[in-house]
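Spelled out from the first residue to the last, the chains are:
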Amino acid sequence: MFNTFNFQGQQDVDSIEFVSMNNLPCGLCWATNKANNRFVKDEAGCIKISGTTNDPAGQYKFAISLKAWINGGAQAITVPASLTDQT
């Protein structure tokens, strides 16, 4: 899934945990194929968004919150990221 992460410069990533996905249209939900939503470096994984919505496209600003364990760090740092629906 990943092996490096560009956050404040190139960093080696040990693992990433998907904490939340905000502003999904009504009726949609998300899940990963890991019980704790945490993927280690170079591990294959899946994030699935499912459900049905009647909300019009383009009105939501989708946002993902992650925790990343970087450079062998014992503590995770929280990394907000956002994607905007372009359709």
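These numbers come from a predicted model, not from an experiment. (Residues numbered from 1 in each chain as written. Predicted model: local features only at pLDDT ≥ 70, side-chain atom pairs only at ≥ 80, totals over all residues. Heavy atoms only, no water.)

Caption draft 1: A look at the overall build of the protein. Along the protein, the regular secondary structure elements total 0 helices and 7 strands. Reading the protein from its N end, one meets helices and strands in the order β-β-β-β-β-β-β. Each of the 87 residues in the protein was classed as buried or not, and the buried ones make up 28%. Restricting to contacts in the protein with at least 6 residues of sequence separation, those with at least 24 account for 54%. (Helix = DSSP H or I, 4+ residues; strand = E, 2+ residues; numbered from the N terminus. Buried < 20%, exposed > 50% of the residue type's maximum accessible area, 1.4 Å probe, protein only. Contact = heavy atoms within 4.5 Å.)

Caption draft 2: Inspection of the pattern of salt bridges at higher detail. According to the stated counting rule, one finds 1 salt bridge in the structure shown. The residue lysine 34 makes a salt bridge to glutamate 43 at a minimum N-O spacing of 2.8 Å. Accessibility expressed as a relative area gives 27% for lysine 34, which makes it partly exposed. (Salt bridge = Lys/Arg side-chain N within 4 Å of Asp/Glu carboxyl O.)

Caption draft 3: Expanded view of unusual backbone geometry. Even without a glycine there, the phi angle at asparagine 23 is positive, about 70 degrees. Structurally, asparagine 23 can be placed in the loop between strand S2 (10-22) and strand S3 (28-32). In this structure, asparagine 37 takes a positive phi of about 60 degrees despite not being glycine. Within the element layout of this structure, asparagine 37 appears in the loop between S3 and strand S4 (38-40).

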